[in-house]
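Commentary on secondary and tertiary structure
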Amino acid sequence: MTAADQELHFADAGEAADLAAFLARLIHYDRAAAVRLQAGGGVLAVFGRPPSFEVLAIRTARLEAIIGTEATTAGEAGAAGAAAASGAGALDTTVSAGELGDALDTARAGRTADGTEGRDRGLVVTVPQAVTGPPWAGLLPPRGGWHRVSGLPGVDEVRGAVAAAVAEFRARDAELPEERRTRAERDRIGHEIWSRTLGDTGLPLRAVHAAQSLGFLRPVRAAAPAASATGAGVGIGVGGGVATAAPGPAAEPLALLAAGGWLRLRTPYGSIAVRTSGLSGLSVTPA
């Protein structure tokens, strides 16, 4: 059975909508964006790489089941879905971000048209055809072994660091004489600013900028999605686990984790990961 023969049964339509918004932001930076999907243990993890930031962005959502569309009876479908949702390798494929976003939008529109939006919590989406994955899709963060890194500032300070860096870039760009106002010079200034680290954490400011640009640093709502709120994702949770309890108002806003030469900024709405060893420039592009 191929990935395109499978349906994702989301546990919560709101989480699916948040995933669609995440995909739209990725497409804003790259219209041909691809995402790698991994599912297991009742959670879908979506990995993307906005090219302007040289980081991996991860968004998660809870699943009720992954069901093969070739199942011929309700009993077979239910058994297949239960087995797939519980298996660590239930789904692992790379697809077009645009096609997955379209599938989510179509499913949400169908719910509105048939009047089920207010009654059913979940959403059923067919997995798009697989595409040839870009190089970064073969280089994901490790499954486990994550430990907390100390020294991460509070969320207000993190947002302030991004705002200050953006202001500095704009000021230095405005000061450039006309003959030096080139793409290369602007890229040089941007690389200098965004390669700086956040305090003493070792996390490059580009990671925090990506989190802000992708909507991961917005205030936590009282009933934030369970899996999305963890930002952990399949295979990249602390100790390999994925939290399933929805955070309340006191949910931890930010955490910085490290494992296997990677740093991961975990937020209530997703994670930003950067590779810090073996590659230059904190890029996730394979050598």
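Located above this text is the structure these notes cover.
Attention in this report is confined to the structure presented alongside it. (Residues numbered from 1 in each chain as written. Predicted model: local features only at pLDDT ≥ 70, side-chain atom pairs only at ≥ 80, totals over all residues. Heavy atoms only, no water.)

Observations regarding the overall build of the protein chain
When its secondary structure is counted, the protein chain shows seven helices and 10 strands. Across the 287 residues in the protein chain, those meeting the buried criterion constitute 49%. Contacts in the protein chain between residues far apart in sequence, at least 24 positions, make up 70% of those at least 6 positions apart. Accessible surface computed for the protein chain: about 12600 Å², of which carbon and sulfur atoms make up 52%. (Helix = DSSP H or I, 4+ residues; strand = E, 2+ residues; numbered from the N terminus. Buried < 20%, exposed > 50% of the residue type's maximum accessible area, 1.4 Å probe, protein only. Contact = heavy atoms within 4.5 Å. Areas by Shrake-Rupley, 256 points an atom, 1.4 Å probe, with all protein chains shown as cover.)

Some remarks on the pattern of salt bridges
Evaluation of the coordinates by the stated rule reveals 16 salt bridges. We note a salt bridge from R196 to E168, for which the minimum N-O separation is 2.7 Å. On the criterion of sequence distance, the pair formed by R196 in the loop between α5 (183-194) and α6 (205-213) and E168 in helix α4 (residues 155-175) is long-range, its members being 28 residues apart. The partly exposed category is assigned to R196, whose relative accessible area is 31%. According to the relative accessible area criterion, E168 is partly exposed, its value standing at 24%. The salt bridge involving R180 is made with E185; its shortest N-O contact spans 2.8 Å. Judged by its relative accessible area of 13%, E185 falls in the buried class. Overlapping salt bridges, with partners in common, bring together E168, R172, R180, E185, R188, E192 and R196 in one network. (Salt bridge = Lys/Arg side-chain N within 4 Å of Asp/Glu carboxyl O.)

As for the packing of α5 against α6
At their nearest, the axes of α5 and α6 sit 7 Å apart, and the two run at 100° to each other. Of the possible angle classes, the one that applies to α5 and α6 is roughly perpendicular. When α5 is examined against α6, the residues H191, I193 and W194 are found in contact with a partner set consisting of L205, R206 and H209. Of the residues contributing to the contact of α5 with α6, the split by class is three nonpolar, two polar and one charged. (Axes fitted to C-alpha atoms, helices over the stretch in contact; angles between N-to-C directions. Parallel < 35°, antiparallel > 145°, perpendicular 65-115°, else oblique. Nonpolar A, V, L, I, M, F, W, Y, C, P; charged D, E, K, R; others polar.)

Observations concerning the side chain of R59
The residue R59 is located in strand β4 (residues 56-68) in this model. A relative accessible area of 2% means that R59 is categorised as buried.

Thoughts on the nonpolar core
With 57 residues, the main nonpolar core has F10, L44 and L104 as its most contacted residues. Here this core gets six residues from one element, more than from any other, and that element is helix α1 (residues 13-29). The contacts of F10, once residues within four sequence positions are left out, are A16, L19, L44, A61, R62, L63, E64, L104, G122, L123 and V125. Ranked by size, the runner-up nonpolar core spans 13 residues in total, among them F47, I58, W146 and A273. (Core = buried A, V, L, I, M, F, W, Y, C linked by side-chain atoms within 4.5 Å.)

A closer look at the pairing of strand β8 (residues 255-259)
The buried count for β8 comes to five of five residues, which makes it a mostly enclosed element. In the sheet, β8 pairs with strand β9 (residues 262-267) via five bridges, with the strands oriented antiparallel. Looking across to β9, one finds that A255 is bridged to R266. Counting the residues that bridge the hairpin from β8 to β9 gives two residues, and of these G260 lies at a positive phi of roughly 50°. (Pairing = 2+ DSSP bridges.)

Shape is all these values report; function is a separate question.
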